[in-house]
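Residue strings, one per chain:
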Amino acid sequence: MPLPFILGAAAAITGVIGVKKAVQGVGEMQEAKILMEGAEATQRYNVQKFENTSEQTNTVMDELGKIELKILQSFDKFSSTIEKIQNRPRFKKYDKNGIKLPTYDKQELDKVSIGAGVLLGGLGGAALGTAGGFAAAGATTSAVMALGTASTGTAIASLSGAAATNATLAALGGGAIGSSALAGGMALGTQVLGAATLGVGFLVGGIIFNATGKSMSNKATQALREAVKNEEIIDEICEYLDELRNLALKYTESLNVVQQLYEKYFLKLDTVVNINNKTNWKYFTKQEKLVTENTVLLVGLLYKMCKVNLVIKSDNEDEMNKINSTAVEKSIEEAERVMEEVA
């Protein structure tokens, strides 16, 4: 067979193979585009779900944090009222049925009251979750730390470590939300896919076309796999945040009940001491003495409740912090038992 015909036949065969591979490449690139779009949609859903859950949890935690700080700040008025009572006894330490409450300590109450005021004063322009961070770390502890660092000009965000920055981050810990879970992870893949798609008309040769299609298909498959993996991580984090939010709601309700009872008793004490100017314990009636003792008792209870941290820092930075459910539930139970005795 003449050489030109051989070359022509070979060229024809090569062309057919090239067209076949080119068609295959186009199909794989189209499939890659569909996969990448699916991966992007999944990732957007992941991020939106996390952001929504995080916002809801931070809002609830903020409410709890502010309530605790306001309770602690209010102790200054209680302390100044008690100090006006002359010849008052040393109030007994509460220790019944395994429940121990701190005794009245003016200096300690003054510290947490002033510290709480410092934190509240700085919450005006603070980001969502800041007050919740104080609740996560323990409002009483945060208030004491605030008092100790206020004179140095330390930013509120660093007063109680990472926990003061954001309730969600306080709960999750440093390594729980990795860049692969939230940073997108597929931006580069999207750019590569876009560039390949735009340049498809300039690609010459079926072999190159096919290789590009396979490459993009692999990248898209990897992106989708990563998005699905991220979804599992986000689901776990959101489940955790839901648990934290529900616990915070329950604790907020318990604190509100105790606070209302405290305010009821303090109003009576305030009337006796500050309005009626009755400041000598010897002339207090039996009922007035009981009111005073119950008020002191409720202050100790509130102080202890505000000291409970809702999360426990993990020793491993790659693990989420533990939700302090046991301590919170115990605190609620103790509050109910003390209130039964007071009421």
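Reference entry: report on the structure contained in this document. (Residues numbered from 1 in each chain as written. Predicted model: local features only at pLDDT ≥ 70, side-chain atom pairs only at ≥ 80, totals over all residues. Heavy atoms only, no water.)

Phi is positive for asparagine 87, which is not a glycine, with a value near 60°. Relative to the helices and strands, asparagine 87 is located in the loop between α2 (75–83) and β1 (94–96). Among the residues examined, asparagine 87 registers a relative accessible area of 52% and is labelled exposed. Its identity is not glycine, yet asparagine 277 carries a phi of approximately 55°, on the positive side. Mapped onto the elements, asparagine 277 comes out in the loop between α9 (206–275) and α10 (286–307). (Helix = DSSP H or I, 4+ residues; strand = E, 2+ residues; numbered from the N terminus. Buried < 20%, exposed > 50% of the residue type's maximum accessible area, 1.4 Å probe, protein only.)

Before going further, it helps to spend a moment on the pattern of salt bridges. The final tally for this structure, using the stated rule, is 10 salt bridges. As a salt-bridge pair, aspartate 242 and arginine 245 come within 2.8 Å of each other at their nearest N and O atoms. Taken together, the residues aspartate 242 and arginine 245, both in helix α9 and three residues apart, mark about one turn of the helix. Here aspartate 242 falls in the partly exposed class, since its relative accessible area comes to 28%. Exposure remark for arginine 245: the relative accessible area of 14% places this residue in the buried category. Put simply, arginine 337 and glutamate 333 hold a salt bridge, and the shortest N to O gap is 3.7 Å. (Salt bridge = Lys/Arg side-chain N within 4 Å of Asp/Glu carboxyl O.)

The next point concerns the nonpolar core. By size, the foremost hydrophobic cluster in this structure holds 70 residues, and its most contacted members are Phe75, Phe78 and Tyr251. Per element, the largest residue contribution to this core is 18 residues, and it comes from α9. If near-sequence neighbours (up to four positions away) are discounted, phenylalanine 75 is found in contact with Leu109, Val112, Ser113, Tyr262, Val299, Leu302 and Tyr303. (Core = buried A, V, L, I, M, F, W, Y, C linked by side-chain atoms within 4.5 Å. Contact = heavy atoms within 4.5 Å.)

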